[in-house]
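Residues per chain, in single letters:
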Amino acid sequence: MQSRADLPPDLRRRFRTGRAALDLVHTGGEGELAVWEIVHTVADLRRFLAVILDLEELDAAESDLPAMRTLRAAITGAAYGRAAGEQLRPADVAAINAVAAQPPLIPELRIDGSAEYARPTAAAALSTLARDAVDLFSGPLSGRIRVCAADDCGLLFVDASRPGRRRWCSMDRCGNLSKVRRHRGQE
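Rules of the game
- Residues numbered from 1 in each chain as written.
- Predicted model: local features only at pLDDT ≥ 70, side-chain atom pairs only at ≥ 80, totals over all residues.
- Heavy atoms only, no water.
- Helix = DSSP H or I, 4+ residues; strand = E, 2+ residues; numbered from the N terminus.
- Buried < 20%, exposed > 50% of the residue type's maximum accessible area, 1.4 Å probe, protein only.
- Patch = residues over 30% accessible without salt bridge, like charges linked within 9 Å, V, L, I, M, F, W, Y side chains within 5 Å.
- Areas by Shrake-Rupley, 256 points an atom, 1.4 Å probe, with all protein chains shown as cover.
- Salt bridge = Lys/Arg side-chain N within 4 Å of Asp/Glu carboxyl O.
- Lys, Arg positive; Asp, Glu negative; His and termini not counted.
- Charge placed at Lys NZ, Arg CZ, Asp CG, Glu CD.
- Expected span 1.5 Å × (residues − 1).
- Contact = heavy atoms within 4.5 Å.
- Core = buried A, V, L, I, M, F, W, Y, C linked by side-chain atoms within 4.5 Å.

K.L.:
How should I be thinking about the environment of Arg119 in this particular structure?
P.N.:
Relative to the assigned elements, Arg119 resides in the loop between β2 (115–117) and α6 (122–138). On the basis of relative accessibility, which here comes to 69%, the residue Arg119 falls in the exposed class. With 61 residues separating them along the chain, Arg119 and Leu58 place their C-alpha atoms 7.6 Å apart.

Take a look at the structure:
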């Protein structure tokens, strides 16, 4: 499987949110997010769940695609809502909880002291992502979910900075471009 480091820079940037559940959001979606869709097939689902959760391999089936899309839509709605200071919607909460109730990925200790997941499946990976969403939306970082301030970005991220004033998804890209524009008097 491909790792985050192997992805092209623009695609790699989608997976630097600070939380795996938000990384799932950046795989695309419905409506205006459809232009960013990268999960079209079961192979795509395997690839990007493996990238998000840093897995070597993953079993997935055609039936996992609708489940992923439902979970992704719920996390997307909840995350953008929290970033705007809104309450969680009951439908999003129900969808996230339904997937979180399924068995998650199970870590297994190896003889060499490393750990891997035992028989990872897409269903277990989605449950793990839903559980990450439960932890994120119910915890102290819920109020630190942000949307990148760059006009041409819109990616979500968790502001884990001490003062809590981070504005950009990445200083390497959006933050730097904003500073360059301001320096040139274009903002």
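Picking up where we left off.
K.L.:
Even after reading the chapter, I still don't get a negative patch on the surface, so can you show me in this structure?
P.N.:
Taken together, Asp54, Glu56, Glu57 and Asp59 make up a surface patch of like negative charges. Residue placement: Glu56 occurs in the loop between α3 (42–53) and α4 (64–83).

K.L.:
So what exactly am I meant to see when it comes to the environment of Glu86 here?
P.N.:
In this structure, Glu86 sits in the loop between α4 and α5 (90–100). On the basis of relative accessible area, Glu86 is assigned to the partly exposed category, the value being 46%. In this structure the C-alpha to C-alpha distance between Glu86 and Gly143, which are 57 residues apart in sequence, comes to 10.0 Å.

K.L.:
Can you walk me through α6 in this structure?
P.N.:
Side chains three or four residues apart in an α-helix point the same way, a direct result of the helix having 3.6 residues per turn. Taking 1.5 Å per residue as the helical rise, α6 with its 17 residues ought to reach 24 Å, and the 24 Å between its terminal C-alpha atoms agrees with that figure. α6 sits mainly inside the fold: 12 of its 17 residues count as buried. Three or more residues of α6 are buried, namely Ala122, Ala124, Ala125, Leu126, Ser127, Thr128, Leu129, Ala130, Asp132, Ala133, Leu136 and Phe137. Its buried side turned inward, α6 meets α2 (20–25), α3, α4, α5, β3 (145–147) and β4 (156–158).

K.L.:
How should the nonpolar core be read in this particular structure?
P.N.:
Grouped burial of nonpolar side chains is what soluble globular proteins tend to show. Leu49, Leu71, Ile75, Ile96, Leu129 and Phe137 are the most contacted members of the largest nonpolar core, which totals 45 residues. If you list the elements that add at least two residues to this core, you get α2, α3, α4, α5, α6 and β4. If we ignore the near neighbours within four places in the chain, the residues touching Leu129 are Ala20, Ala21, Leu24, Leu49, Ile52, Leu53, Leu71 and Ile75. Formed by 8 residues, the second largest nonpolar core is a distinct cluster that contains Cys148, Ala150, Cys153 and Leu155.

K.L.:
How should I be thinking about unusual backbone geometry in this particular structure?
P.N.:
It is generally the case that most residues other than glycine have a negative phi and that most peptide bonds are trans. One non-glycine residue with positive phi stands out, namely Asp54, at about 55°. Note that Asp54 resides in the loop between α3 and α4. In this structure, Arg119 takes a positive phi of about 45° despite not being glycine.

K.L.:
Sorry if this is basic, but what is going on with the pattern of salt bridges here?
P.N.:
Between side chains of opposite charge, a pair can form as their charged atoms come close. Scanning the entire structure with this criterion turns up 7 salt bridges. The closest approach of N and O atoms between Arg19 and Asp135, which form a salt bridge, is 2.7 Å. A residue pair is termed long-range when its members are at least 10 positions apart, and Arg19 in the loop between α1 (9–13) and α2 and Asp135 in helix α6 qualify at 116 residues. Judged by relative accessible area, which is 46%, Asp135 ranks as partly exposed. One salt bridge connects Asp92 with Arg89, and the closest N-O pair in it is separated by 2.9 Å. In this structure Arg89 comes out as partly exposed when scored by relative accessible area, which is 48%. Residues joined in a network through salt bridges with shared partners are Arg19, Asp132 and Asp135.

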